[in-house]
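Working through the structure, step by step
Residue strings, one per chain:
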Amino acid sequence: MNQLNSAKPILYYDDISPVVRSVLMLIDVLKIDVDLKYIDLFKGEHRSDEFFQISPNRTVPALKHNNFVITDSHAILIYLVEEFGQSDSLYSSDKMTRIKILDLLFFNGTNLFRKDSDLMTEIIAKTLTDMTRHSTKVLECYGSLETFLTNSSFVAGNDDLCDQGKQIVSPFFKGALDTLSTMTGIGGKSSAPVSTEVVKKAQEMSLAKSNIFKNLFAFDRQLIRLAGISGAIAVGLGAYGAHVVMMNDNIPEVQKNSFRTASMYHFFGTFGLVASSMTKYPAVSGTLMAIGTTIFCGACYYYGLTGDPSARKVAPFGGTALIAAWISFVL
């Protein structure tokens with residue numbers, strides 16, 4: 001037993017991460033007594049200056065054993081099994097078997113887990129818009145795994161310890177595959193052939209999830225274009241009002257107030273068009289918003305510029321349409 005074994009290791013973790021779970025699984029198998037330090041990724045605790053001193057790349061897991069720090073999950077797995085393993089059943093003493101295990105760990109780090117990391121990064125950053133793109137990459141990785149299984153029962157050989165989750169490479173793949181399966185809707189054991197039916201079902205499930213997400217956060221492009229035009233006109237009229245109408249001493253204050261009201265509600269209506277694009281009935285909300293903004297603001301602009309009170313008579317109709325537009329958001 002190495003002298004480092006005399007101190008209790010400290011594991012910095014967040015079990016939302018599959019690579020963290022792989023380390024936790026191995027710790028459980030080896031019955032290692034460790035101190036667990038939770039790092040909440042969703043709260044950004046991994047970006048703190050304190051954690052930076054432990055893990056300069058700001059990722060979990062990180063393992064500290066006395067003054068020895070490891071920040072790569074693959075290296076942590078190897079270190080733990082070599083430092084705390086009681087036999088070579090988990091990490092064979094045979095050179096070629098070890099190379100094969102390392103080969104698969106590197107495959108996970110550069111391919112399988114990379115797909116998971118890309119997906120989780122977009123989820124945490126709230127920038128995920130295309131689940132189908134991710135599921136396609138996952139299916140490609142699954143295809144690679146099946147190739148590894150062509151001549152052996154498990155990815156790192158035929159030892160049934162892998163099936164029991166006790167082979168060092170097994171926890172890593174299980175952690176990554178569990179997360180990818182959960183997030184993309186692709187299931188199945190990694191040691192079983194992926195049939196055409198399974199692949200087809202996985203693609204259907206992934207597409208369904210992607211569509212749900214898109215429908216929840218999508219923008220109606222026509223309304224966005226209309227909002228762009230409306231916003232540009234609002235800025236132009238606002239500038240004209242500030243530099244011409246408001247500076248003209250011959251225009252009565254009541255007309256200037258009307259122009260100010262028109263400008264303010266014009267911007268409100270523009271924002272309303274953007275919001276309408278995300279409602280359940282964008283055509284209804286958008287139409288009411290556009291009509292209400294045009295009539296109400298148009299009437300106020302006209303009176304502000306000309307002083308003709310006749311246009312003010314139609315303003316209430318525009319205001320009613322705007323109220324109806326905002327109410328339609330709750331449908």
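Analysis parameters
Residues numbered from 1 in each chain as written. Predicted model: local features only at pLDDT ≥ 70, side-chain atom pairs only at ≥ 80, totals over all residues. Heavy atoms only, no water. Salt bridge = Lys/Arg side-chain N within 4 Å of Asp/Glu carboxyl O. Axes fitted to C-alpha atoms, helices over the stretch in contact; angles between N-to-C directions. Helix = DSSP H or I, 4+ residues; strand = E, 2+ residues; numbered from the N terminus. Parallel < 35°, antiparallel > 145°, perpendicular 65-115°, else oblique. Left-handed = near helix turned anticlockwise from the far one by under 90°. Contact = heavy atoms within 4.5 Å. Core = buried A, V, L, I, M, F, W, Y, C linked by side-chain atoms within 4.5 Å. Buried < 20%, exposed > 50% of the residue type's maximum accessible area, 1.4 Å probe, protein only. 1 Å grid on protein atoms, 1.4 Å probe; cavity = no way out; pocket = protein on both sides within 12 Å on 5 of 7 lines; lining within 4 Å. Points joined across faces, edges and corners; volume = space filled by probe spheres on them. Expected span 1.5 Å × (residues − 1). Polar contact = N/O pair within 3.5 Å; in protein donor to acceptor, adjacent residues only side chain to side chain.

**Comments concerning the pattern of salt bridges**
Taken as a whole and judged by the stated rule, the model has five salt bridges. Bridged by salt links that share partners, the residues K8, D33 and D35 form one connected network.

**Section: the packing of helix α8 (residues 221–245) against helix α10 (residues 282–306)**
Two elements in contact, α8 and α10, have axes separated by 12 Å at closest approach and are oriented at 15°. The pairing of α8 with α10 is recorded here as roughly parallel in orientation. Pair α8 / α10 crosses with left-handed handedness. Along the contact surface, α8 presents L223, L226, L237, Y240 and V245, while α10 presents P282, G286, A290, Y301 and L305.

**Observations regarding unusual backbone geometry**
Residue P61 is reached from V60 by a cis peptide bond, and omega for that bond is 5°. One can find P61 in the loop between α2 (49–54) and β3 (62–65). A positive phi angle, close to 60°, is found at R58, a residue other than glycine. With respect to the helices and strands, R58 occurs in the loop between α2 and β3.

**Concerning the environment of G236**
Mapping G236 onto the fold places it in helix α8. Sequence separation of G236 and S263 is 27 residues, and the distance between their C-alpha atoms is 9.9 Å.

**Observations concerning the nonpolar core**
Among the nonpolar cores identified, the biggest contains 30 residues, and V23, L26, I27, I32, F51, L63 and L80 are the most heavily contacted of them. Here this core takes seven residues from helix α3 (residues 73–84), the largest share from any one element. In this view, F51 contacts Y12, I39, E45, H46, R58, T59, V60 and A62; residues no more than four positions away in its chain are not counted. In terms of nonpolar packing, the next biggest core, distinct from the first, is built from 18 residues, M246, A262, A299 and L322 among them.

**Details of the layout of surface pockets**
There is about 610 Å³ of room inside the largest pocket. Lining the largest pocket are 24 residues, with T59, V60, F113, S117 and T121 positioned closest to its centre. Elements supplying a minimum of two residues to the lining of the largest pocket: α1 (18–30), α3 and α4 (95–125). A per-element tally of the lining of the largest pocket places α4 first, with eight residues.

**What about α3?**
Over its twelve residues, α3 extends 16 Å from the first C-alpha to the last, a length consistent with the 16 Å expected when each residue adds 1.5 Å. The buried count for α3 comes to ten of twelve residues, which makes it a mostly enclosed element. Buried residues of α3: S73, H74, I76, L77, I78, Y79, L80, V81, E83 and F84, and no others. For α3, the capping residue at the N-terminal end is D72, with a side-chain oxygen 2.9 Å from the backbone nitrogen of H74.

**A few points about the side chain of S276**
Checked against the element boundaries, S276 lands in helix α9 (residues 253–276). Classification of S276 as buried rests on a relative accessible area of 0%. At a separation of 2.7 Å, a polar atom in the side chain of S276 contacts the main-chain carbonyl oxygen of G272. Leave out the neighbours within four places in its chain, and S276 touches L223, P282, S285, G286, M289 and F329.

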